[in-house]
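# Structural overview for review
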Amino acid sequence: MNKMMSSMMDKMMKPEDMPEMMNSMMDKMFNKMSAKDRLDFVSTMMPKCLNMIFSELDSDEKHDLAKGMIEKMISIFKDQLKTEADK
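Residues numbered from 1 in each chain as written. Predicted model: local features only at pLDDT ≥ 70, side-chain atom pairs only at ≥ 80, totals over all residues. Heavy atoms only, no water.

Along the protein chain, the regular secondary structure elements total four helices and zero strands. Its helices and strands taken in sequence order, the protein chain reads α-α-α-α from the N to the C terminus. Counting across all 87 residues of the protein chain, residues that qualify as buried make up 2%. Here the protein chain displays about 8000 Å² of accessible surface, and carbon together with sulfur accounts for 62% of that area. (Helix = DSSP H or I, 4+ residues; strand = E, 2+ residues; numbered from the N terminus. Buried < 20%, exposed > 50% of the residue type's maximum accessible area, 1.4 Å probe, protein only. Areas by Shrake-Rupley, 256 points an atom, 1.4 Å probe, with all protein chains shown as cover.)

This brings us to a nonpolar patch on the surface. The grouping of Met-18, Met-22 and Met-25 at the surface amounts to a nonpolar patch, some 240 Å² of accessible area in total. Here Met-22 lies in helix H2 (residues 18-31). (Patch = residues over 30% accessible without salt bridge, like charges linked within 9 Å, V, L, I, M, F, W, Y side chains within 5 Å. Salt bridge = Lys/Arg side-chain N within 4 Å of Asp/Glu carboxyl O.)

Contact geometry for H2 and helix H3 (residues 35-54): axes closest at 9 Å, N-to-C directions at 130°. Between H2 and H3, the crossing angle belongs to the class labelled oblique. Of H3, the residues touching H2 (which contributes Met-26, Met-29, Phe-30 and Asn-31) are Arg-38, Phe-41 and Val-42. Class assignment for the residues of the contact of H2 with H3 results in five nonpolar, one polar and one charged. (Axes fitted to C-alpha atoms, helices over the stretch in contact; angles between N-to-C directions. Parallel < 35°, antiparallel > 145°, perpendicular 65-115°, else oblique. Contact = heavy atoms within 4.5 Å. Nonpolar A, V, L, I, M, F, W, Y, C, P; charged D, E, K, R; others polar.)

Scanning the model with the defined rule gives one aromatic pair in all. Centroid distance Phe-30 to Phe-41: 5.4 Å. Interplanar angle 85°. Geometry classified as edge-to-face. Of this pair, Phe-30 sits in helix H2 while Phe-41 sits in helix H3, placing them eleven residues apart in sequence. (Phe/Tyr/Trp six-rings, centres within 6.5 Å; stacked < 30°, edge-to-face > 60°.)

In this model, helix H4 (residues 59-86) (28 residues) spans 40 Å end to end at C-alpha, consistent with the 40 Å of a helix rising 1.5 Å per residue. The N-cap of H4, judged by a side-chain oxygen 3.1 Å from the amide nitrogen of Asp-60 a few residues on, is Asp-58. (Expected span 1.5 Å × (residues − 1). Polar contact = N/O pair within 3.5 Å; in protein donor to acceptor, adjacent residues only side chain to side chain.)

With that out of the way, let us pick up the layout of surface pockets. Over the atoms, a rolled probe matching the size of one water molecule traces out where space is still vacant. Within this model, the largest pocket holds a volume of roughly 550 Å³. Residue lining of the largest pocket: 16 residues in total, with Met-26, Phe-30, Phe-41, Met-46 and Met-69 positioned closest to the centre. Secondary structure elements with two or more residues in the lining of the largest pocket: H2, H3 and H4. Taken together, the residues of the lining of the largest pocket break down into 14 nonpolar, one polar and one charged. (1 Å grid on protein atoms, 1.4 Å probe; cavity = no way out; pocket = protein on both sides within 12 Å on 5 of 7 lines; lining within 4 Å. Points joined across faces, edges and corners; volume = space filled by probe spheres on them.)

The final tally for this structure, using the stated rule, is two salt bridges. Measuring nitrogen to oxygen at the nearest pair gives 2.7 Å for the salt bridge that ties Lys-36 to Asp-40. Separated by four residues within a single helix, Lys-36 and Asp-40 lie in helix H3, roughly one turn from each other. Given the relative accessible area of 36%, Asp-40 is considered partly exposed. A salt bridge links Lys-82 to Asp-86, with the nearest nitrogen and oxygen atoms 3.2 Å apart. Highlighted residues: Lys-82 and Asp-86, both in helix H4, separated by four residues, approximately one helical turn. On the basis of relative accessibility, which here comes to 53%, the residue Lys-82 falls in the exposed class.

Shown next, in the form of structure tokens:
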């Protein structure tokens, strides 16, 4: 029985493999979406996902995540605006 359980566990995904798997899944999903579908997805799912994540964090973790996300989002938006202005 222990051998069988060990064999099953070896075949399961390891936590350290999750980011790579999620990146691959997101790439495949977004590559098949139209621009409108991408906008709809982000507009709907981003707030939902963030609310689910924040619900499990303590005050300091919420602050750190919010600050980091704001900085990343501002950087991405600025890069996009710069790219458009350079065209």
